[in-house]
Amino acid sequence: MEVGQMQRQWVDYTKSLFLEGFLDSQFLQLQQLQDENNPDFVVEVVSLFFEDSERLLNDLTNSLDQQGIDYKKADAYVHQLKGSSSSIGAQRVKNCCIAFRNFCEQQNIDGCIRCLEQVKQEYCLVKNKLETLFGLERQIVAAGGSIPTMELSF
Amino acid sequence: MASGSAASSSSSCSNWVMENGDVPHVLAVDDNLIDRKLIEKLLRNSSCRVTTAENGPRALEFLGLASDKQNNLGTGSKVNLVITDYCMPGMTGYELLKKIKESAITKEVPVVIMSSENIPTRVNECMEKGAQMFIQKPLKQSDVKKLTCQLMNCKG
């Protein structure tokens, strides 16, 4: 595949992530922060997000698996996850967290368990999508091309 | 009272003004690693020197306000701006703001509060304690540019 085709594929894929709500405009902010001085900024921040989220999801799973659940602690974990997902533009994960916090506040165990499953699902989905996107970027760069700049005009 | 995503103090900007040619040194405080990385990059992009702290106590230490140092010599580092998250475990951004404003060494340093929740009572209590601005998260480049422009007293 030649570079132009790969770039078009990247643009289409990125657009689909926005249209399907996986990403929001905050992700564009991240992309705009990437420059010659920090050519891997987006991958670095997203990698931190992956590590941090996996740790939080583990902690959440453990905290809801107790005899006496500490809902305040669980809520604190969800708050962290909501913050990070919001900061990188992972919209669907963030929205799950908002619902999750409500159930923590209500101390509703069934609601919390459901939300935990949902947030794990959404996290896996966005992780796969972003890894696919980064894979496309590596191919473009390897072929000597540059990653197009994305405008939210669709 | 807050229009858009940020509230600003209506007091004079004199404590924002820096000597020409100086690079602003900003202390950014946030318990979230991703947010620290983001705010650091946003500030660097606006030509600021950045130090990050992951909690209030570390921030106070950096400013020379650690509770075991009861001296007036200000052994802390000079910063031109503190930008802090509101919701942090242990010491909140609000509590950090109060401590900064209560000390003779640091009370002139502008403090900006960031929060994901735009709660009017929260905004008001911060502004009343002397916060320069309240910004809603997630932070964007335009928020930081506005901030640093005020800091450097840009005209127009």
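As the structure is a prediction and not an experimental result, all values here were calculated from the model. (Residues numbered from 1 in each chain as written. Chains lettered and ligands numbered in written order. Predicted model: local features only at pLDDT ≥ 70, side-chain atom pairs only at ≥ 80, totals over all residues. Heavy atoms only, no water.)

Quick look at the overall build of chain B now. The secondary structure content of chain B amounts to five helices and six strands. When the helices and strands of chain B are listed from N to C terminus, the series reads β-β-α-β-α-β-α-β-α-β-α. Counting over 156 residues, chain B shows a buried share of 47%. A total of about 7500 Å² of accessible surface is found on chain B, and carbon and sulfur atoms cover 48% of it. (Helix = DSSP H or I, 4+ residues; strand = E, 2+ residues; numbered from the N terminus. Buried < 20%, exposed > 50% of the residue type's maximum accessible area, 1.4 Å probe, protein only. Areas by Shrake-Rupley, 256 points an atom, 1.4 Å probe, with all protein chains shown as cover.)

Here the focus is the packing of helix α4 (residues 71-88) of chain A against helix α1 (residues 33-45) of chain B. In the contact formed by α4(A) and α1(B), the axes pass within 8 Å of each other and the chain directions differ by 35°. In this structure, α4(A) meets α1(B) at a crossing whose hand is left-handed. Of the residues in α1(B), those in contact with A:Gly83, A:Ser84, A:Ser87 and A:Ile88 of α4(A) are B:Ile34, B:Asp35 and B:Leu38. Grouping the amino acids of the contact of α4(A) with α1(B) by side-chain chemistry returns three nonpolar, three polar and one charged. (Axes fitted to C-alpha atoms, helices over the stretch in contact; angles between N-to-C directions. Left-handed = near helix turned anticlockwise from the far one by under 90°. Contact = heavy atoms within 4.5 Å. Nonpolar A, V, L, I, M, F, W, Y, C, P; charged D, E, K, R; others polar.)

Each full turn of the α-helix corresponds to 3.6 residues, which orients residues three or four apart in the same direction. Residue and element names in this part refer to chain A. Counted at 1.5 Å a residue, the expected span for α4 with its 18 residues is 26 Å, and the 26 Å between its end C-alpha atoms agrees. The element α4 is extensively covered by neighbouring structure, given that 14 of its 18 residues are classed as buried. Looking at where α4 begins, the residue whose side-chain oxygen comes 3.2 Å from the main-chain nitrogen of Lys72 is Asp70. A positive backbone phi angle near 90° is found at Gly89, which sits one or two residues after α4. (Expected span 1.5 Å × (residues − 1). Polar contact = N/O pair within 3.5 Å; in protein donor to acceptor, adjacent residues only side chain to side chain.)

Okay, unusual backbone geometry next. Following B:Lys137, the chain continues into B:Pro138 via a peptide bond in cis, with omega recorded as 0°. Within the fold, B:Pro138 resides in the loop between β6 (133-136) and α5 (141-151). Despite not being glycine, A:Gln107 has its phi angle at roughly 55°, a positive value. For A:Gln107, the position within the fold is in the loop between α5 (91-106) and α6 (109-142). For A:Gln107, a relative accessible area of 53% corresponds to the exposed category. A positive phi angle is found at B:Ser47, which is not glycine, with a value near 60°.

Residue and element names in this part refer to chain A. Closest axis-to-axis distance for the helix α1 (residues 3-19)/α6 pair is 10 Å, and the angle between their directions is 160°. In terms of axis orientation, α1 runs roughly antiparallel to α6. Of the two elements, α1 crosses α6, and the hand of that crossing is left-handed. Seen from α1, the contacting residues are Met6, Gln7, Gln9, Trp10, Tyr13, Thr14 and Leu17; seen from α6, they are Lys129, Thr132, Leu133, Leu136, Glu137, Gln139 and Ile140. (Parallel < 35°, antiparallel > 145°, perpendicular 65-115°, else oblique.)

All names here are of chain B. According to the stated counting rule, one finds one cavity of 30 Å³ or more in the structure shown. The volume enclosed by the largest cavity comes to roughly 60 Å³. With four residues, the top contributor of residues to the lining of the largest cavity is α1. Of the residues assigned to the lining of the largest cavity, the class counts are six nonpolar, one polar and three charged. (1 Å grid on protein atoms, 1.4 Å probe; cavity = no way out; pocket = protein on both sides within 12 Å on 5 of 7 lines; lining within 4 Å. Points joined across faces, edges and corners; volume = space filled by probe spheres on them.)

Taken together, the 21 residues of chain A in the interface contact 17 residues of chain B. Where chain A abuts chain B, roughly 1600 Å² becomes buried across the two surfaces, and 58% of that area is made up of carbon and sulfur atoms. Our count for the chain A to chain B interface comes out at three salt bridges. A salt bridge links B:Lys41 to A:Asp35; its shortest N-O distance comes to 3.4 Å. Taken together, the connections running from chain A to chain B amount to eleven residue pairs in polar contact (both at pLDDT 80 or more). (Buried area = accessible area lost by both parts, 1.4 Å probe. Salt bridge = Lys/Arg side-chain N within 4 Å of Asp/Glu carboxyl O.)

A probe as big as a water molecule, rolled over the atoms, marks out the empty space that is left. Residue and element names in this part refer to chain A. The space that makes up the largest pocket amounts to roughly 490 Å³. Forming the boundary of the largest pocket are 20 residues, of which Gln34, Pro39, Val42, Glu137 and Ile147 lie nearest the centre. The element best represented in the lining of the largest pocket is α6, accounting for four residues.

The analysis is restricted to geometry; functional conclusions fall outside its scope.
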